[in-house]
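Geometric and topological summary
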Amino acid sequence: MTVRTAKSAITGLRDCVLVVDDEILIADLWSMILEDMQIDVCGIAKTADTAIALAQQHRPKVVLMDVRLEGSRDGVDAAIAIQQTVGSKVIFITGSRDSPTIARIQAAGPARVLFKPLGEGQLQDAVAAVIRG
């Protein structure tokens, strides 16, 4: 299944990034890297529900999304909901390389998929490329 976003959903996106990870130290690190790039971080979420709510509130151009999150829903669930309602581009960052997880990520239509551990340069390059379009 491929996620399709309605054209009207992608209008009005802000030049900011939403960071989604259940590990606050990792989320803070990603945020610092983005801020060093002069990119506005519009929020940090630890759960899918919070990520969806923040995306709908802030309408970020890009979402950095971990797969495993706190709560009953994961990052793939959040990404699908965000893409359908907001139209943000999602960069998945995951430590999971198992086939079922990768298949779910791919079905969500990611802008990029990065694997942990990743270097600062990898994150910067991916975010810059996705923001440029």
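Remember, predicted model here, so these are calculated numbers, not experimental data.

Attention shifts here to the overall build of the chain. For the chain, the helix and strand inventory stands at five helices and five strands. For the chain, the sequential pattern of α-helices and β-strands runs β-α-β-α-β-α-β-α-β-α. The C-alpha atoms of the chain give 13 Å as radius of gyration, which agrees with the globular expectation for 133 residues (14 Å, within 12%). Once the C-alpha set of the chain is aligned to its principal axes, its extents read approximately 35 × 30 × 25 Å. Every one of the 133 residues in the chain was classed for burial, and the buried ones make up 45%.

In this section: the nonpolar core. Judged by nonpolar contacts, the single largest core of 25 residues is most densely connected at Leu-18, Val-20, Val-63, Met-65, Val-76, Ile-82 and Phe-92. Secondary structure elements with two or more residues in this core: β1 (14-20), β2 (40-45), α2 (48-58), β3 (60-66), α3 (75-85) and β4 (89-94). Val-20 has contacts with Trp-30, Ala-45, Ala-51, Val-63, Leu-64, Met-65, Asp-66 and Leu-69, leaving out every residue within four places of it along the chain. Counting 17 residues, the second-largest nonpolar core is a separate cluster that includes Ile-39, Val-41, Leu-123 and Ala-126.

Right, let's talk about the sheet that holds β4 for a bit. Spatially, five strands are ordered β2-β1-β3-β4-β5 in an open sheet, and the strand pairing comes out parallel. A single partner strand is all that each edge strand has here, and the edge strands are β2 and β5 (112-115). Mean inter-strand twist for the sheet, computed between neighbouring axes without regard to direction, equals 20°. With five bridges connecting them, β3 and β4 associate as parallel partners.

Moving on, we get to unusual backbone geometry. Residue Pro-117 is bonded to the preceding Lys-116 through a cis peptide linkage, with omega at -10°. When you line up the elements, Pro-117 lands in the loop between β5 and α5 (120-132). Notably, Gln-38 is not glycine yet its phi reads approximately 65°, a positive angle. By the element assignment, Gln-38 lies in the loop between α1 (24-36) and β2.

Attention now goes to α3. In terms of residue burial, α3 counts as a mostly covered element, since eight of its 11 residues are buried. Of the surrounding secondary structure, the elements contacted by the buried residues of α3 are α2, β3, β4 and α4 (99-107). By the N-cap criterion, in which a side-chain oxygen at the helix start approaches the backbone nitrogen of a residue two or three places on, α3 is capped by Asp-74, the distance to Val-76 being 3.1 Å. Looking one or two residues beyond α3, the residue adopting positive phi is Gly-87, at roughly 95°.

Reading the values: the criteria
Residues numbered from 1 in each chain as written. Predicted model: local features only at pLDDT ≥ 70, side-chain atom pairs only at ≥ 80, totals over all residues. Heavy atoms only, no water. Helix = DSSP H or I, 4+ residues; strand = E, 2+ residues; numbered from the N terminus. Rg over C-alpha atoms; globule rule 2.2 N^0.38 Å. Buried < 20%, exposed > 50% of the residue type's maximum accessible area, 1.4 Å probe, protein only. Core = buried A, V, L, I, M, F, W, Y, C linked by side-chain atoms within 4.5 Å. Contact = heavy atoms within 4.5 Å. Pairing = 2+ DSSP bridges. Axes fitted to C-alpha atoms, helices over the stretch in contact; angles between N-to-C directions. Polar contact = N/O pair within 3.5 Å; in protein donor to acceptor, adjacent residues only side chain to side chain.

Everything listed here is a matter of geometry and, on its own, says nothing about what the molecule does.
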